[in-house]
Amino acid sequence: MHRRLFLLSSAAFLPTVVYAYPSEVFSPAVWNDLKRTDQTVILNYRASWSLTCQIKADLIAEALADNPAYGQLIFVDVDWDTFGQSQMTQRLRVQRRSTLLVMKNGKEVARLVNEPYARRVRALLDTALAA
């Protein structure tokens, strides 16, 4: 019992790397405003408890650090637990968390579903830049 308590309490002191990228929190109002612009938007359907979603967030942050051009893109985090069953999610045919959608003028340009690989995430971001 004491060993578990020690391990749990000592884990708080381990160094961790936290990646972050500039993003907006999804709301219907935010989406309505963005889809009317000419900006390329990345909708990131994610859940705070999902390891795959966290890996993708880290990969996006790394890509942004390596290529400043990705900063032109607008990232919007869509909380799967809140909006996973919404009408918009159904209209966009998003069937699971860990989905990235590239949107331009309210229309889908590209999609990446449950593929937490740097090469695939960067390819999606490159497609978004070219849109």
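Residues numbered from 1 in each chain as written. Predicted model: local features only at pLDDT ≥ 70, side-chain atom pairs only at ≥ 80, totals over all residues. Heavy atoms only, no water.

Undergrad: What am I meant to see in the pattern of salt bridges here?
TA: Working definition: two side chains of opposite charge can pair if their charged atoms are close together. Inspection of the entire model under this criterion finds 4 salt bridges. In this structure, Asp77 engages Arg46 in a salt bridge whose closest nitrogen and oxygen atoms are separated by 4.0 Å. With a gap of 31 residues between them, Asp77 in strand 3 (residues 74-79) and Arg46 in strand 2 (residues 40-46) connect regions that are remote in the sequence. By the burial criterion, Asp77 is buried, and Arg46 matches it. Between Glu108 and Arg111 there is a salt bridge, and its shortest N-O distance comes to 2.8 Å. (Salt bridge = Lys/Arg side-chain N within 4 Å of Asp/Glu carboxyl O. Helix = DSSP H or I, 4+ residues; strand = E, 2+ residues; numbered from the N terminus. Buried < 20%, exposed > 50% of the residue type's maximum accessible area, 1.4 Å probe, protein only.)

Undergrad: Any chance you could explain the packing of aromatic side chains here in plain terms?
TA: Given two aromatic rings, their pairing is described by the distance between the two centres and the angle made by the two planes. In this structure the tally under the stated criterion is 3 aromatic pairs. Ring centres 5.3 Å apart and planes at 65 degrees place the aromatic pair Tyr21 and Phe75 in the edge-to-face group. A residue pair is termed long-range when its members are at least 10 positions apart, and Tyr21 in the loop between helix 1 (2-11) and strand 1 (24-25) and Phe75 in strand 3 qualify at 54 residues. By relative accessible area, Phe75 is classed as buried at 3%. Where Phe26 meets Phe83, the ring centres are 4.7 Å apart and the plane angle is 80 degrees; that geometry is what we call edge-to-face. Here Phe26, found in the loop between strand 1 and helix 2 (28-35), pairs with Phe83, found in helix 4 (residues 80-83); they are 57 residues apart in sequence, far enough to count as distant. Phe26 sits in the buried class, given a relative accessible area of 7%. (Phe/Tyr/Trp six-rings, centres within 6.5 Å; stacked < 30°, edge-to-face > 60°.)

Undergrad: Could you clarify how one ought to interpret the sheet that holds strand 3 in this entry?
TA: Taken in spatial order, the 5 strands make up an open sheet running 1-3-2-4-5, and their pairing is mixed. The strands lining the two open edges of the sheet, one partner per strand, are strand 1 and strand 5 (107-113). Note: strand 4 (residues 99-104) against strand 5, 6 bridges, orientation antiparallel. Within strand 5, the residue paired with Thr99 across the bridge is Val113. On the sheet, helix 3 (residues 51-66) packs against strand 2, strand 3, strand 4 and strand 5 and is oriented at approximately 150 degrees with respect to strand 2. Relative to strand 5, helix 6 (residues 118-130) is tilted by about 175 degrees, and along the sheet it contacts strand 2, strand 3, strand 4 and strand 5. (Pairing = 2+ DSSP bridges. Contact = heavy atoms within 4.5 Å. Axes fitted to C-alpha atoms, helices over the stretch in contact; angles between N-to-C directions.)

Undergrad: So what exactly am I meant to see when it comes to the nonpolar core here?
TA: Judged by nonpolar contacts, the single largest core of 19 residues is most densely connected at Tyr21, Ile42, Ile60, Leu73, Phe75 and Leu125. When contributions to this core are tallied by element, the ones reaching two or more residues are helix 3, strand 4, strand 5 and helix 6. The element contributing the most residues to this core is helix 3, with 6 residues. Once you skip the residues sitting within four places of it in the chain, Ile42 turns out to touch Leu73, Ile74, Phe75, Val76, Leu100, Leu101, Val102, Leu125 and Ala128. If you look at the next biggest cluster of nonpolar residues, it comprises 17 residues, including Trp31, Val41, Ile74 and Val78. (Core = buried A, V, L, I, M, F, W, Y, C linked by side-chain atoms within 4.5 Å.)

Undergrad: Sorry if this is basic, but what is going on with the pairing of strand 3 here?
TA: A regular strand carries its side chains on alternate faces of the sheet. The buried fraction of strand 3 is high, at 5 of 6 residues. Strand direction decides the pairing type here: strand 1 and strand 3, joined by 2 bridges, are parallel. Pairing of Val25 across the sheet is with Asp77, part of strand 3. As judged from the 6 bridges shared by strand 2 and strand 3, these two strands associate in the parallel manner. Looking at the pairing, Asn44 lines up with Asp77 of strand 3. Taken together, strand 2, helix 3 and strand 3 constitute a β-α-β crossover, and its handedness is right-handed. (Right-handed = clockwise from strand over helix to strand, strands pointing away.)

On their own, these measurements won't tell you what the molecule is for.
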